[in-house]
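Descriptive analysis of the structure
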Amino acid sequence: MDQVWRLRHFLAAAELGSLQAAARQLNTSQPALTKSLRELENFLGSALFERSSRGVVLTQAGQVLLSRAREIEAQWDGALIDLNATRDGARGELHIGVGPTYEAAFMPRVLSVLSGEFPNLRLTVRTGVGSVLLPKLVLGEIGLYIGGLRSATDKPLEGLAEIPLYEQLNRIVAAADDPLAACPQVPVAALAGRAWVQLSYDTMALDHLDRMFAAAGVAPPRSTVATHSLSLALDLVRNEGFLTSLPEPLLHPRLASGLSALQVPGYHWSIMTGITYRNSIRASRPFLRLAEILVAAVRGYGLAGKGN
């Protein structure tokens, strides 16, 4: 049993690269952490770290242990959650990765309900795009990722499974009182002379916009603002006359009053979205409940049947 807690010590040191930082995160002393790691190395018969004045680096044996240790931690947390849920509320941790659209549209409600039903469960949420968070899912740093799913041509990832939820349309957007919003169809040439704000993490939208302008033989807009901030982008569109591209759920009145999707021939694309998760958490009660709450939230946006 001691080795389970020592695996937590090992994971903290491996991820932070510093015994001092790991001890601080674990709320223990550095000598106690050092002793715990030495005992784990003695138990395994292998050195796990190379130590220096600059911190610690994993040895080859440490690299081998890392992914397994994360899997063991996830399974142990799942067992603790399920065993305690029948007594006084689930305990343990659930590490979640969330894409930008799900973060803004669905996760506040999901997290509110889930934390209310499992008050002793610690929920850790990382936000970002799939290209950043899916590798962390593969490594076991998070237990699930909610966002875009792999394409049909992508190779399945070992140890992971998916729950498709809906097919996400993407639209070109202006302020509701913009003259373009009244047009039955907006020619691509009318978009080129306008100022644009682009969500810099949405590389797929940027690629589709480039292809749209190229196919129409129109030079792309010269006046653009690139930002990671959704709130800044929405403000520029609503109040400053900018155009942008947004996933359809972000046009829901709760999030984006004062905006209008434009009808632009040549700009129609979508991606399948949903939950990608580690097989080790598939039977955990909080994960199953999270999936139920998320499905209900998606249906509440009128997206039921679009991919699920």
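Heads up: the structure comes first, above all this text.
What this report covers is the structure whose coordinates are included nearby. Small disclaimer: the values here were computed from a predicted structure and weren't measured.

Reading the values: the criteria
Residues numbered from 1 in each chain as written. Predicted model: local features only at pLDDT ≥ 70, side-chain atom pairs only at ≥ 80, totals over all residues. Heavy atoms only, no water. Buried < 20%, exposed > 50% of the residue type's maximum accessible area, 1.4 Å probe, protein only. Helix = DSSP H or I, 4+ residues; strand = E, 2+ residues; numbered from the N terminus. Pairing = 2+ DSSP bridges. Axes fitted to C-alpha atoms, helices over the stretch in contact; angles between N-to-C directions. Parallel < 35°, antiparallel > 145°, perpendicular 65-115°, else oblique. Contact = heavy atoms within 4.5 Å. Nonpolar A, V, L, I, M, F, W, Y, C, P; charged D, E, K, R; others polar. Core = buried A, V, L, I, M, F, W, Y, C linked by side-chain atoms within 4.5 Å. Salt bridge = Lys/Arg side-chain N within 4 Å of Asp/Glu carboxyl O.

1. What about the pairing of strand 9 (residues 244-247)?
- Here strand 9 shows no split at all, with Thr244 and Leu246 on one side and Ser245 and Pro247 on the other all buried.
- Here strand 6 (residues 160-175) pairs with strand 9 via 4 bridges, running antiparallel. What sits directly across from Ile172, in strand 9, is Ser245.

2. Examining unusual backbone geometry
- Of note in this structure, Asn27 is not a glycine but carries a positive phi near 60°.
- Inspection of the secondary structure assignment puts Asn27 in the loop between helix 2 (19-26) and helix 3 (30-44).
- Taking relative accessible area as the criterion, Asn27 reaches 73% and is therefore assigned exposed.

3. Focus on the side chain of Thr276
- Along the chain, Thr276 turns up in strand 11 (residues 269-278).
- On the basis of relative accessible area, Thr276 is assigned to the buried category, the value being 4%.

4. Let's talk about the packing of helix 2 against helix 3
- Where helix 2 contacts helix 3, the axes come no closer than 9 Å and their chain directions differ by 105°. With respect to helix 3, the axis of helix 2 lies roughly perpendicular. Two secondary-structure elements touch here, helix 2 through Leu19, Gln20, Ala22, Ala23 and Leu26 and helix 3 through Gln30, Leu33, Thr34 and Leu37.
- Looking at the contact of helix 2 with helix 3 residue by residue, the class counts come to 6 nonpolar, 3 polar and no charged.

5. Remarks on the nonpolar core
- Ranked by size, the top nonpolar core spans 29 residues in total, and within it Phe106, Leu144, Ile146, Ile275 and Leu290 carry the most contacts.
- Looking at this core, the elements that each hand over two or more residues are strand 3 (92-98), helix 5 (100-105), helix 6 (107-117), strand 5 (144-148), strand 6, strand 11 and helix 12 (285-300).
- The element contributing the most residues to this core is helix 12, with 7 residues.
- Excluding residues that lie within four positions of it along the chain, Ile275 makes contacts with Leu144, Tyr145, Ile146, Leu149, Ala161, Glu162, Ile163, Leu165, Phe287, Leu290, Ala291 and Leu294.

6. With respect to the pattern of salt bridges
- Per the counting criterion, the structure on display carries 10 salt bridges.
- Salt-bridge contacts for Glu248 lead to Arg171; the nearest nitrogen and oxygen are separated by 3.6 Å. One end of the pair, Glu248, is in the loop between strand 9 and helix 11 (253-256); the other, Arg171, is in strand 6, and 77 residues separate them in sequence.
- Assessed through its relative accessible area of 19%, Arg171 is described here as buried.
- Among the ionic pairs, Asp178 bridges to Arg194, the shortest N-O distance being 2.4 Å. A residue pair is termed long-range when its members are at least 10 positions apart, and Asp178 in the loop between strand 6 and helix 8 (189-192) and Arg194 in the loop between helix 8 and strand 7 (196-199) qualify at 16 residues.
- Under the relative-accessibility criterion, Asp178 is labelled buried at 9%.

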